[in-house]
Amino acid sequence: MNARQSFILSFLLPLISSCEEKMDLDLNKAAARVVIDAQLSDVSLVQRIRVSRSVGFNDLANTSGVIDATVSVKDNENRIYSFQYEKDGYYIHRNFKPVAGHSYTLSVTVQKQQYSSSCQMPSYVAVDSTGISEKSLTGKTYFFATLTFKDPAKVSNYYIYTLSINSGPFRFANAQSDQFNDGLKVTHYISDLETDLSSGDEVIVRRYCVDEKAYRYWNEYQNNNVSNAAPSNPRSNISNNALGYFSVASLKEYKLKIGQ
């Protein structure tokens, strides 16, 4: 584990329970299974869900898109949003903006096999300030995007962060909960797990407020990566032994530049 990962881990350990744009899925070698990547949010009217099959490697790129699935999402007011196949296993709905406080149920059928999941979309927790934190560790300087906010008291809150560096693809960066700081002023430190931030970099942080099941999925993924443990599949919140996850999140983006 390098110094930057050690710093990240020092902030994550108090937040990790002892006990879930593109977020990379971790697939280990195994028999082919259905993989559902369903991260919906209120950032756009356009929603995409990917349905694929694992082919025995540890990377989402090594999954084969399913072209004949039936994909829909139903809300708690019995509105059904049917997704249409686009390409490479992606199914799309172009006029669906989820609403905080509503609950949603995912339904996917692949060759007569049914896969389902449900979640409630949390309200967004406002950020008070953003910035860049500079830390010196073992003689090297590391940069972190920071978001500071007041965590709502007596409400369980869960946060997922993805990060884009210099207009690159968004990658999973961090999963956090308020287990040990409920109701307090909190600062989250965000950095890419594989690439160090450098002076002059432009970064975009996407902050998702998610439900507990989505948090558990990404927290397990995070633990495996930060600890350098042997790769394993995070526990999915989708039925019938599927891989992947279903989440409906409140989302905002924050653009920052690391000063030169």
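A brief look at the structure comes next.

Comments concerning the overall build of the protein chain
Right, so step 1: Along the backbone of the protein chain there are 2 helices and 15 strands.
Right, so step 2: The buried share of the protein chain, taken over its 260 residues, is 50%.
Right, so step 3: Accessible surface for the protein chain amounts to roughly 12,100 Å². Of this, 47% is attributable to carbon and sulfur atoms.

Details of the sheet that holds strand 13 (residues 185-190)
Right, so step 1: If you walk across this open sheet you meet the 3 strands as 9-10-13, and the pairing is antiparallel. For this open sheet the edge positions go to strand 9 (129-137) and strand 13, each flanked by a neighbour on one side alone. With direction set aside, neighbouring strand axes in the sheet form an average angle of 35°.
Right, so step 2: Across 9 bridges, strand 9 lies against strand 10 (residues 140-150) in antiparallel orientation. Each bridged residue has a counterpart across the sheet, and for Ser133 the counterpart in strand 10 is Phe144.

Topic: the side chain of Arg206
Right, so step 1: Mapped onto the elements of the fold, Arg206 is located in strand 14 (residues 202-210).
Right, so step 2: Since its relative accessible area comes to 15%, Arg206 is described here as buried.
Right, so step 3: Within the structure, the side chain of Arg206 is placed 2.6 Å from the side chain of Glu253, a separation counted as a polar contact.

Details of the nonpolar core
Right, so step 1: Counting residues in hydrophobic clusters, the biggest one holds 25 residues, and the most contacted among them are Ile36, Ile49, Val51, Val71, Leu106, Val108 and Phe246.
Right, so step 2: At the level of secondary structure, the elements contributing two or more residues to this core comprise strand 1 (34-41), strand 2 (47-54), strand 4 (70-75), strand 5 (80-87), strand 7 (103-110), strand 8 (113-120) and strand 15 (243-257).
Right, so step 3: In this structure, Leu147, Leu163, Val186 and Val205 belong to the second largest nonpolar core, which totals 20 residues.

Details of the side chain of Arg50
Right, so step 1: For Arg50, the position within the fold is in strand 2.
Right, so step 2: Looking at Arg50, the relative accessible area reads 5%, which means it is buried.
Right, so step 3: There is a polar contact of 3.5 Å between the side chain of Arg50 and the side chain of Ser52.
Right, so step 4: Side-chain polar atoms of Arg50 contact the backbone oxygen of Asp88, separated by 3.0 Å.

Remarks on the packing of aromatic side chains
Right, so step 1: Summed over the entire model, instances satisfying the criterion amount to 13 aromatic pairs.
Right, so step 2: Measuring from ring centre to ring centre gives 3.9 Å for Tyr81 and Phe96, while their planes differ by 5°; the resulting arrangement is stacked. Here the residue Tyr81 occupies a position in strand 5, and Phe96 occupies one in the loop between strand 6 (90-93) and strand 7, the gap between them amounting to 15 residues.
Right, so step 3: Residue Phe96 is classed as buried on the basis of its relative accessible area of 1%.
Right, so step 4: Judged by centre distance (5.1 Å) and plane angle (65°), the ring pair of Tyr85 and Tyr91 falls under edge-to-face.
Right, so step 5: The cationic tip of Arg207 hangs over the ring face of Phe149; the distance from NZ or CZ to the ring centre is 4.4 Å.
Right, so step 6: Here the basic side chain of Lys252 rests over the ring of Tyr124, its NZ or CZ set 5.5 Å away from the ring centre.

Parameters and conventions
- Residues numbered from 1 in each chain as written.
- Predicted model: local features only at pLDDT ≥ 70, side-chain atom pairs only at ≥ 80, totals over all residues.
- Heavy atoms only, no water.
- Helix = DSSP H or I, 4+ residues; strand = E, 2+ residues; numbered from the N terminus.
- Buried < 20%, exposed > 50% of the residue type's maximum accessible area, 1.4 Å probe, protein only.
- Areas by Shrake-Rupley, 256 points an atom, 1.4 Å probe, with all protein chains shown as cover.
- Pairing = 2+ DSSP bridges.
- Axes fitted to C-alpha atoms, helices over the stretch in contact; angles between N-to-C directions.
- Polar contact = N/O pair within 3.5 Å; in protein donor to acceptor, adjacent residues only side chain to side chain.
- Core = buried A, V, L, I, M, F, W, Y, C linked by side-chain atoms within 4.5 Å.
- Phe/Tyr/Trp six-rings, centres within 6.5 Å; stacked < 30°, edge-to-face > 60°.
- Lys NZ or Arg CZ within 6 Å of the ring centre and 35° of its normal.

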